[in-house]
Amino acid sequence: MAKPISPPEETDDNIPTLESLAAKLGKPESGLLEALLDGTTEARLVERGRQIASSRVLTDMRRLYATAHACWSGASKDKRETLRGFSPELLALAVEQALALERLLDAHESAGQKKDATRATRDAALRERFSSALLLRDQAYEVLRGVAGAGKEAREELARALGTAEDPAALARGLTQLAALGKRYLAQKKGPLAVRARLMRLDQDYVERLQGAAEALTQAAKAAAARPAGQKVTSGDLDRADGINLILLEQIVRVFERANEQDPTIPRLVPIATRRLFSRSAKKKAAEAAGSDSSGGGTPGGGSTPGGGSTPGGGGATPEDAEDPLEDHGAPV
């Protein structure tokens, strides 16, 4: 017996991209987004978008908008009537905003990666500059120690000028002080100290090299500690865009949900990545099942209620009793 053939799995390769949907739908009219957001505050948009990552919103929109477009494109006149509340213009606006969110997220992530790369480069430059400056300082100490001679005061003065290398600032300060001391030694043109300076090859070029190393180290430390320039795309920008897209996504999901209740051949748009923002409840089905089970009791035309009363006109829950299948608990409404 031949094995049943499983239906092909839906893959990302089979799903039209947002760009291809935008090309088919065309650019929405100006002013549509403003009209849709009328009465919604910026703070509420940001707060709504802060509930979930932008990447998750995009994941659902890419899949669900493709399904919505395919359904509408092949729908009969009656099915389009059942999809009242949905329009190609609404989908075009939703796709446009999804693409805008995609661009914002790309820019935000690229800026973060660039910032990290810049920081790593600056840190590496500082480490290299610090290492070379430390070697130069130790060399300068030996050169100046030879020039200073064996006198106690001269040795103590040299030790104070050397300082420490506990951080870039301290090392740069020590190089500057050693350069100043070397310059003072060179000012003596005669005597034992001048002779020792010649023997140790202490000259003006070397003193300037010490000072230059100190300045370069200071600049490298400032560059590494500097804050990166403000990113063009902030987290608040992303949260606001997420809030806008969640409004559009929810509107389209709800329309298809109501249409599916009337015509099961119309697909439901089931969020996956954003499902926690679109929590569903089984209370409606439970209420309907309870109404069906109670048909054997009570009076004809009236279903029994827990309190002993009856619901007017028939058994089962009324629309007010049944929980909205897309009702959110603290999620976007």
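Residues numbered from 1 in each chain as written. Predicted model: local features only at pLDDT ≥ 70, side-chain atom pairs only at ≥ 80, totals over all residues. Heavy atoms only, no water.

Caption draft 1: Summary view of the packing of aromatic side chains. Enumeration over the complete set of coordinates arrives at 2 aromatic pairs. Geometrically, the ring pair formed by Phe86 and Phe256 is edge-to-face, given 5.3 Å between the ring centres and 80 degrees between the ring planes. In this pair, Phe86 sits in the loop between helix H5 (77-82) and helix H6 (88-148) while Phe256 sits in helix H11 (residues 235-262), placing the two residues 170 residues apart along the sequence. What makes Phe86 buried here is its relative accessible area of 6%. (Phe/Tyr/Trp six-rings, centres within 6.5 Å; stacked < 30°, edge-to-face > 60°. Helix = DSSP H or I, 4+ residues; strand = E, 2+ residues; numbered from the N terminus. Buried < 20%, exposed > 50% of the residue type's maximum accessible area, 1.4 Å probe, protein only.)

Caption draft 2: Structural context of the nonpolar core. Grouped together as the largest cluster of nonpolar side chains are 42 residues, with contacts concentrated most on Met61, Tyr65, Leu83, Phe86, Ile252 and Phe256. Elements that contribute at least two residues to this core include exactly helix H1 (18-25), helix H4 (54-73), H6 and H11. If one sorts the elements of this core by residue count, H11 sits on top with 12 residues. Leaving out residues up to four positions away in the same chain, Ile252 has contacts with Tyr65, Ala68, Phe86, Leu90, Leu91, Ala94 and Leu269. (Core = buried A, V, L, I, M, F, W, Y, C linked by side-chain atoms within 4.5 Å. Contact = heavy atoms within 4.5 Å.)

Caption draft 3: Representation of the side chain of Thr274 in the model. Tracing the backbone through its elements, the reader meets Thr274 in the loop between H11 and helix H12 (283-293). Of note is the side chain of Thr274, whose polar atom sits 2.5 Å from the side chain of Asp60. Non-local contacts of Thr274, meaning those with residues more than four positions away in its chain, are made with Ile52, Arg56, Val57, Asp60 and Leu249. (Polar contact = N/O pair within 3.5 Å; in protein donor to acceptor, adjacent residues only side chain to side chain.)

Caption draft 4: Just the pattern of salt bridges, in detail. The tally for this structure, following the rule as stated, stands at 12 salt bridges. We note a salt bridge from Glu250 to Arg254, for which the minimum N-O separation is 3.3 Å. Pair noted here: Glu250 and Arg254 are both in helix H11, with a separation of 4 residues, about one helical turn. Relative accessible area serves as the criterion here: at 3%, Glu250 is assigned to the buried category. One salt bridge in this structure joins Glu261 and Arg258, with 3.3 Å as the shortest N-O distance. Taken together, the residues Glu261 and Arg258, both in helix H11 and 3 residues apart, mark about one turn of the helix. (Salt bridge = Lys/Arg side-chain N within 4 Å of Asp/Glu carboxyl O.)

Caption draft 5: Focus on the environment of Arg62. Along the polypeptide, Arg62 turns up in helix H4. For the pair Arg62 and Leu18, spaced 44 residues apart in sequence, the C-alpha to C-alpha distance is 6.2 Å. A polar side-chain atom of Arg62 sits 2.8 Å from a polar atom in the side chain of Glu102.

Caption draft 6: Region of interest: the side chain of Asp60. Structurally, Asp60 can be placed in helix H4. The buried category is assigned to Asp60, whose relative accessible area is 0%. Polar side-chain contacts of Asp60 include one of 3.1 Å to the side chain of Arg63. Aside from chain neighbours lying at most four places away, what touches Asp60 is Leu249, Pro271, Ile272, Ala273, Thr274 and Arg275.

Caption draft 7: Representation of the packing of helix H8 (residues 168-186) against helix H10 (residues 204-225) in the model. H10 packs onto H8 with a crossing angle of 165 degrees between their chain directions and a minimal axis gap of 8 Å. In this view, H8 runs roughly antiparallel relative to H10, as classed from their interaxial angle. Along this stretch, H8 crosses H10, giving a crossing that reads as left-handed. Two secondary-structure elements touch here, H8 through Pro168, Leu171, Ala172, Leu175, Thr176, Leu178, Ala179, Gly182, Lys183 and Leu186 and H10 through Gln204, Val207, Leu210, Gln211, Ala213, Ala214, Leu217, Thr218 and Ala221. Broken down by class, the residue content of the contact of H8 with H10 amounts to 13 nonpolar, 5 polar and 1 charged. (Axes fitted to C-alpha atoms, helices over the stretch in contact; angles between N-to-C directions. Parallel < 35°, antiparallel > 145°, perpendicular 65-115°, else oblique. Left-handed = near helix turned anticlockwise from the far one by under 90°. Nonpolar A, V, L, I, M, F, W, Y, C, P; charged D, E, K, R; others polar.)

Caption draft 8: Spatial organisation of the environment of Asn245. When you line up the elements, Asn245 lands in helix H11. For the pair Asn245 and Gln97, spaced 148 residues apart in sequence, the C-alpha separation works out to 6.4 Å. Looking at Asn245, its side chain comes within polar contact range of the main-chain nitrogen of Ala98, at 3.1 Å.

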